[in-house]
Amino acid sequence: MGVTIGGVEACKGPGTPLVGTFDLRQALDRATAGKGCAYSFIDSQTVRFSAARPAPAPRPLVIARAIIATPEPVAPLAPLIINAGKRPLRLGSLPGGVSVIGSPQLQDTGVGETSSVARQTAGFITTNLGAGRNKILLRGLSDGTFTGRTQSTVGTYLDDVPVNYNAPDPDLRLIDVDRVEVLRGPQGALYGGGSLSGIYRIVTRQPELGTYSASVGSTIANTQSGSRSYRVEGVVNAPIGEKSAVRAVAYHDVDGGYLDDVNLRLSNVDKTTRRGGRAAWRLDLGDWQVKLSTALQSVSSKDTQYVTLAPGGPRRANQVRETHRNRLAESSLKITGSGDWGQLESVTGYVTHRYASRYDATLALTEFAEEAVELGLYDESARVRMAVQDLIYTAPEIGRLRFMVGGFLATSIEEGDADLRARVGNITRSYYDEDRKDRLNEYALYGEATYDLGAGWKAAVGGRAFKTTVHTRSYVTAPYPGNSRDLDREASFSGFSPKVSVQRDLSGGGLIYALTSEGYRAGGFNSGGLATPSEARRTFRPDHLRNYEIGATLNPFRGRVNLRAALFYDDWRNIQTDQYFASGLSYTANIGDGRNRGLEIEAAWRATPHLTISGNALFNEPKLTRIEPGYGIADTASLPGVPDVSFGSLVTYQRPITAAAMLMLTAETGYIGESRLTFDPRYSPSMGGYYTGKLSAQLMTDRWRAALFVSNPWNSSSDTFAYGNPFSFGQVRQVTPQRPRTWSLALTANF
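Residues numbered from 1 in each chain as written. Predicted model: local features only at pLDDT ≥ 70, side-chain atom pairs only at ≥ 80, totals over all residues. Heavy atoms only, no water.

Novice: What is the right way to read the overall build of the chain from this model?
Specialist: If you tally the helices and strands in the chain, you get 5 helices and 45 strands. Relative to a compact globule of 751 residues, whose C-alpha radius of gyration would be 27 Å, the chain shows 26 Å and is just as compact. By principal-axis analysis of the C-alpha atoms, the chain measures approximately 85 × 55 × 50 Å. A buried classification covers 55% of the 751 residues belonging to the chain. Considering only residue pairs separated by 6 or more positions, the chain has 66% of its internal contacts joining residues 24 or more positions apart. Here the chain displays about 31300 Å² of accessible surface, and carbon together with sulfur accounts for 57% of that area. Taken as two groups, the 82 positive and 73 negative side-chain charges of the chain have centres that lie 4 Å from each other. (Helix = DSSP H or I, 4+ residues; strand = E, 2+ residues; numbered from the N terminus. Rg over C-alpha atoms; globule rule 2.2 N^0.38 Å. Buried < 20%, exposed > 50% of the residue type's maximum accessible area, 1.4 Å probe, protein only. Contact = heavy atoms within 4.5 Å. Areas by Shrake-Rupley, 256 points an atom, 1.4 Å probe, with all protein chains shown as cover. Lys, Arg positive; Asp, Glu negative; His and termini not counted. Charge placed at Lys NZ, Arg CZ, Asp CG, Glu CD.)

So, in structure tokens, the structure goes:
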């Protein structure tokens, strides 16, 4: 039925099998009969079990499966079933820094993209280069603000399939999403490479059997001193017989520009268009379920969104528009079976990711060109094809033991092209051209076992044995002053990534825990640059991060307060980072060792039946503890792009205004502290130290929702986390301001 159920531990005794055909309420009534528990609807697709009260509350009125009576607001950290640990677990029973934003909160706060998630989760930061160009940073672990060839530190998953490797975050549109899961800390044991600092997982809504539903929505927005924006979207769910259903999503967004280029004499140059869709087919065959799904998205930006500081004030004055394209296609087949023998899950996925960017390279070319350069251009593009197979077996409980084992196989091919050229008079000259192809294979066996020690104590041990192979071919054409060359090299990396935890479950659904886990990234080869890289720069080694953590999840005051806190210490060895030559071309280096220690907090308080207040914060102290020779970095160096403090809050107020209509008000704010752009604080400008915010007023019925949003209400233009153009790095001061104050009006209809 596509319904999420949480809090099942409130029901006592063995489960009662349901045999026959039931609607949702009939099934819930039979499941809870005689078990000392009751159920309540959080929304039309989320049900919570709790201990039965002496006098049962009246049931909400259900018409066309929509809740008319006002459900009691539930704090954002309330228990829900999640799969971040690769097996269904109640949120709050999984040790570690886990956050979940459910579908109601996503819709109520107008979260439509990755950057909006950051304000609602502790230690979640994104750079601000623009849609399809950004990097996600978790828990203060940053390898730099530039996006180059290093593998991502945060793994982005669409349902069960990874969709990024060393590419920027595709910034998938969060429409018809059941929830967003954020799992902090290294996840090498279960997720492998590319999860060095955590996992960002988007869980889509499943096709619903036996019911037809549809919704359409549109948004118009006006940005101060910018052009208008609009969004159009639609969702449809249709059953096919009794055992099958399909669900489809389509959307088209235009984000109007707000920066003017005085040199090109163009206004609002940074317009971005995003369009895409998803489709899923589900088939239920008793104990087995098959799901076939696909997703497509295309992001196209007319220009980047940075300005340079000049005597007359910030301005944009480029020689060319810096365009960007990011196109992602994903298909997956998921087969799940369960019974007395346990559960088997097979996920097969195929991802294609194409992205291309153009940069104004005029300033960099003037450094080494013999002639006077009128215009310099750098174009780079990449095409990534990735196939993955993940097979997981979860055993039934054997006494006090519960375990799962899995096998993982991934193969990816990345084909890249880079071209640096200049116009001198009427002549266009090529200074650099590279064709590169990387093939990467990863093989792994992994597992985790949990043992109930009694008295609420549990111990878990897991690990991943892996092997990664890399094969790189590169062909560089670089006339004088560069040199042409070819490269054909292979390497393999193997190891074991462990995970150990101890936890004590508390009454009321909370727990305390201690955890240690590890993450890793494979090494590789450098081939770029006008000249052949030096011996020290031709390869980069794997890096490795070990995490130590203690934390607690508490639900005091009869569940009206949800609190999660964690103290952590991270030891990061041989940090991989993308660096740049004087020409502006990139290479990957091992900069040294680092560490981070800190405290993260998330809390939610249901102050009244109508008012909910939540907040999050990260306090940390990242720094480099060992610096590789040859980089000239000061001993006081820190990790770049990581503030010492960041926090956010969300206030939600809702109450019925008629028998069929509800008013909702939300106020959201966030703060990003100051940090440095690069590792060396002596030559690096500061960023951050700014606030973000969003306010809304919404009117809702069972069928309609009208919402008015205002983003950046105080119209701040503070410098955000980004650096737009590496070819002018160190020559001009770049600033990436927030989008100015923007008013949005959204209307949604459900059928």
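Still more to cover.
Novice: Please explain the nonpolar core as it appears in this structure.
Specialist: When a protein is soluble and globular, its nonpolar side chains tend to lie buried together. The biggest cluster of nonpolar side chains holds 41 residues, and the ones touching the most others in it are Val117, Phe124, Leu174, Val180, Tyr200 and Ile202. Here this core gets 4 residues from one element, more than from any other, and that element is strand β13 (residues 177-184). Sequence-distant contacts of leucine 174, defined by excluding residues within four places in its chain, comprise Val111, Gly112, Glu113, Val117, Val180, Tyr200 and Ile202. Formed by 17 residues, the second largest nonpolar core is a distinct cluster that contains Ala361, Ala418, Tyr432 and Val476. (Core = buried A, V, L, I, M, F, W, Y, C linked by side-chain atoms within 4.5 Å.)

Novice: Quick question: what am I supposed to make of the packing of aromatic side chains here?
Specialist: Here the distance between the centres and the angle between the planes together describe a pair of aromatic rings. Applying the stated criterion across every chain, the model contains 11 aromatic pairs. With a centroid separation of 5.5 Å and 70 degrees between ring planes, the pair formed by phenylalanine 124 and tyrosine 200 is classed as edge-to-face. On the criterion of sequence distance, the pair formed by phenylalanine 124 in strand β9 (residues 124-126) and tyrosine 200 in strand β14 (residues 198-204) is long-range, its members being 76 residues apart. Tyrosine 200 shares its class with phenylalanine 124; the two are buried. Ring centres of tyrosine 671 and tyrosine 691 lie 4.7 Å apart, and the angle between their planes is 50 degrees; this geometry places the pair in the tilted category. Of this pair, tyrosine 671 sits in strand β39 (residues 662-672) while tyrosine 691 sits in strand β42 (residues 690-700), placing them 20 residues apart in sequence. Since its relative accessible area comes to 42%, tyrosine 691 is described here as partly exposed. The aromatic ring of tyrosine 251 is capped on one face by arginine 173, whose charged end is 5.8 Å from the ring centroid. Stacked on the ring of tyrosine 306, the Lys or Arg arginine 316 has its end atom at 4.6 Å from the ring centre. (Phe/Tyr/Trp six-rings, centres within 6.5 Å; stacked < 30°, edge-to-face > 60°. Lys NZ or Arg CZ within 6 Å of the ring centre and 35° of its normal.)

Novice: Looking at this model, I keep getting lost on the pairing of strand β16 (residues 228-240). Mind explaining?
Specialist: Successive residues of a regular strand alternate their side chains across the two faces of the sheet. Pairing between strand β15 (residues 213-223) and β16: 10 bridges, direction antiparallel. Residue isoleucine 220 lies in a different strand from β16, and its bridge partner there is tyrosine 230. Linking β15 back to β16 in an antiparallel pair, the connection comprises 4 residues, with serine 225 at a positive phi of about 60 degrees. Direction of pairing for β16 relative to strand β17 (residues 244-255): antiparallel, over a ladder of 11 bridges. Each bridged residue has a counterpart across the sheet, and for arginine 231 the counterpart in β17 is aspartate 253. Taking the residues that link successive antiparallel strands as the turn, the β16-β17 hairpin has 3 residues, and the phi of glycine 241 there is positive, at about 75 degrees. (Pairing = 2+ DSSP bridges.)

Novice: Help me understand a nonpolar patch on the surface in this model?
Specialist: On the surface, a cluster of nonpolar side chains totalling about 710 Å² of accessible area is made up of Ile240, Trp281, Leu285, Trp288, Leu292, Leu333, Ile335 and Trp341. Of all the secondary structure elements, the ones that give two or more residues to the nonpolar patch are β18 (272-285), β19 (288-301) and β21 (324-339). With respect to the helices, strands and loops of the structure, tryptophan 281 is situated in strand β18. Judged by its relative accessible area of 32%, tryptophan 281 falls in the partly exposed class. (Patch = residues over 30% accessible without salt bridge, like charges linked within 9 Å, V, L, I, M, F, W, Y side chains within 5 Å. Salt bridge = Lys/Arg side-chain N within 4 Å of Asp/Glu carboxyl O.)

Novice: It is not clear to me how the sheet that holds β13 should be interpreted in this structure. Could you clarify?
Specialist: The strands making up a sheet are joined through hydrogen bonds of the backbone, oriented either antiparallel or parallel. Strand order in the open sheet formed by 5 strands is β8-β13-β14-β11-β12, with mixed pairing between adjacent strands. In this open sheet, the two edge strands, each paired with only one partner strand, are β8 (98-102) and β12 (161-162). Pairing between strand β11 (residues 154-158) and β14: 5 bridges, direction parallel. In the sheet register, valine 154 faces β14, and the bridge partner there is glycine 198.

Novice: Would you explain the environment of alanine 118 in this entry?
Specialist: Its place among the elements puts alanine 118 in helix α3 (residues 114-118). Classification of alanine 118 as buried rests on a relative accessible area of 18%. For the pair alanine 118 and glycine 670, spaced 552 residues apart in sequence, the C-alpha to C-alpha distance is 8.5 Å.

Novice: Just to check I follow, could you spell out the pattern of salt bridges for this structure?
Specialist: Under the counting rule described, the total for this entry stands at 51 salt bridges. A salt bridge links arginine 139 to glutamate 600; the shortest N-O distance between them is 2.7 Å. Remark: glutamate 600 occurs in strand β35 (residues 592-606) and arginine 139 occurs in the loop between β10 (136-138) and β11; sequence separation between them is 461 residues. The closest approach of N and O atoms between glutamate 208 and arginine 205, which form a salt bridge, is 3.1 Å. We note that glutamate 208, like arginine 205, is buried. Taken together, the shared-partner salt bridges connect Glu113, Asp171, Arg173, Arg231, Glu233, Asp253 and Arg274 into one network.

Novice: Where do I start with the confidence of the model for the chain in this structure?
Specialist: As a note on interpretation, predicted positions should not be read in detail where pLDDT is low. In the predicted model, the chain carries a mean pLDDT of 87, and the fraction of residues at 70 or more is 91%. This stretch, residues 54-80, has a pLDDT under 50; its non-local contacts, to residues over four places away or in other chains, come to 63 contacts. (pLDDT = per-residue confidence, 0-100.)

Novice: For this particular structure, what's the right way to read the pairing of β11?
Specialist: Among the 5 residues in β11, 5 count as buried, and that is most of the element. Here β11 shows a buried face lined by Val154, Thr156 and Leu158 and a second buried face lined by Gly155 and Tyr157. Here β11 pairs with β12 via 2 bridges, running antiparallel. Paired with tyrosine 157 across the two strands is proline 162, which belongs to β12. Linking two consecutive strands that pair antiparallel, namely β11 and β12, is a turn of 2 residues; a positive phi of about 60 degrees is found at aspartate 159 within it.

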